[in-house]
Structure formats: C-alpha cells, structure tokens
Amino acid sequence: AKDYKIKIIVTNVNSDSDEVAENNIDSTYIQVVKEFIPQKALHEVFTASTCPPCATANPVLDGVVYQHNEDKATLVKYQVNWPGNGDPYYNSETATRVSYYSVSGVPTFKVNGIITEDGASYTQEKLNSHTSNTTNSIISGTAEVTGTSINLNVNFTSKTQIKGTQLKARFAVVEIKTVDNKGT
C-alpha cells in the first residue's frame, strides 16, 4: 500500500467567478491498496444440549456452513450451561463470550460478530450474503498438538498500514467431531 496526497481545487462553480478562491482548495491523504482478500464469515452459535430449539437449528447450520463452504466460513459453537440442568461441555471461555455478546437465550447465532441470524432457517443464500466482505489482511498459521497442549504459530500480514492500538486477536480450538459424548 502507498499513501498519496490528493488535492482538490474547485473553480468556475455555476459559471461564476469566486471572490474568495483560497477556500476552494482542500487536500487529504489516501491509501491505495493493490488487492483485497475475501473475508471468511465467522459464525458463532450459542447452544446447549438441554435446548430443544437448538436441536433443530444445529443440523441446519452444520449443513450450510460445512457443506462446500470451508473456504468461505468458519463455525464456532459455545455450549452454555442453561436452560435445564446444564451442558457438560460448558467452560469459562464460553462464559467470556456469553458476557461479550450479552447472550441471554439459546440458540443465539451471530455472524461476523454483529448480525443475529435464525439458525433453523439459515440457507446457502444467507451465508453467501455474509461472505461478500473483503479485508486487507491475511491471517494464517499452523497448530501443533502435543498431549494436552496446542502450540500456535500465527502470521498476520496487512496489505495496508494499520493505525491505532485497538487490535485484538482471538483464537478458538474447534472440535469438528467428538466421540463418547456425555449426556445431560
């Protein structure tokens, strides 16, 4: 990316001369980016094994997100410990996300951190509408599992200069398939 100064001069407005030409000039800096990268849509679902509506929504979401959309979307599910007697897979990381989004009921389904969708009626068309965003950054990495530890090597590459200090990185370990699950 490269910064360019743009200078704008307004003259001959409505075919008239301007008595104060000094105020007809303005300038600003812009940054030109050579490429934008398609942004993966982040799907976050708050669900529970004790929630009957979740049992309807979860298979629909799984089908849409995982069926031919690995390059377009990511799905993270947070198991909450309500309603009912609680979900055995609830953990403190889930509590942090519940607080972050002020989740008060399940199922709750967020796309890209802001848009609330209905999981039971989610379609390929809706997913596609959330994948039209682009970004100027690439995040890539590798993970190595050793026993109960996971070591991450993450690379963040920006195509533009990033200003400010409000950047946050959050990582999630997602199990696609589990076996010998506990019941509630």
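Refer to the structure printed above.
Residues numbered from 1 in each chain as written. Predicted model: local features only at pLDDT ≥ 70, side-chain atom pairs only at ≥ 80, totals over all residues. Heavy atoms only, no water.

Things to note about the environment of I8
Then step 1. Here I8 shows up in strand 1 (residues 2-9).
Then step 2. Among the residues examined, I8 registers a relative accessible area of 49% and is labelled partly exposed.
Then step 3. Those residues in contact with I8 that lie beyond four places of it in its chain are N24, I25 and D26. (Helix = DSSP H or I, 4+ residues; strand = E, 2+ residues; numbered from the N terminus. Buried < 20%, exposed > 50% of the residue type's maximum accessible area, 1.4 Å probe, protein only. Contact = heavy atoms within 4.5 Å.)

Quick notes on the sheet that holds strand 4 (residues 41-47)
Then step 1. Ordered by their spatial adjacency, four strands build an open sheet running 5-4-6-7, and the pairing between neighbours is mixed. In this open sheet, the two edge strands, each paired with only one partner strand, are strand 5 (73-79) and strand 7 (115-116).
Then step 2. As paired strands, strand 4 and strand 6 (residues 108-111) are joined by four bridges and run antiparallel to one another. Across the sheet, residue V45 finds its bridge partner in strand 6, namely F109.
Then step 3. Of the strands in this sheet, strand 4, strand 5 and strand 6 touch helix 1 (residues 52-66), which is tilted by about 155° from strand 5.
Then step 4. Against the sheet, helix 2 (residues 92-101) engages strand 4, strand 5 and strand 6, with an angle of about 105° to strand 4. (Pairing = 2+ DSSP bridges. Axes fitted to C-alpha atoms, helices over the stretch in contact; angles between N-to-C directions.)

Digging into the pattern of salt bridges
Then step 1. Following the criterion strictly, the structure yields three salt bridges and no others.
Then step 2. A salt bridge links D62 to K77; the nearest nitrogen and oxygen atoms lie 2.7 Å apart. Of this pair, D62 sits in helix 1 while K77 sits in strand 5, and the two are 15 residues apart along the sequence. (Salt bridge = Lys/Arg side-chain N within 4 Å of Asp/Glu carboxyl O.)

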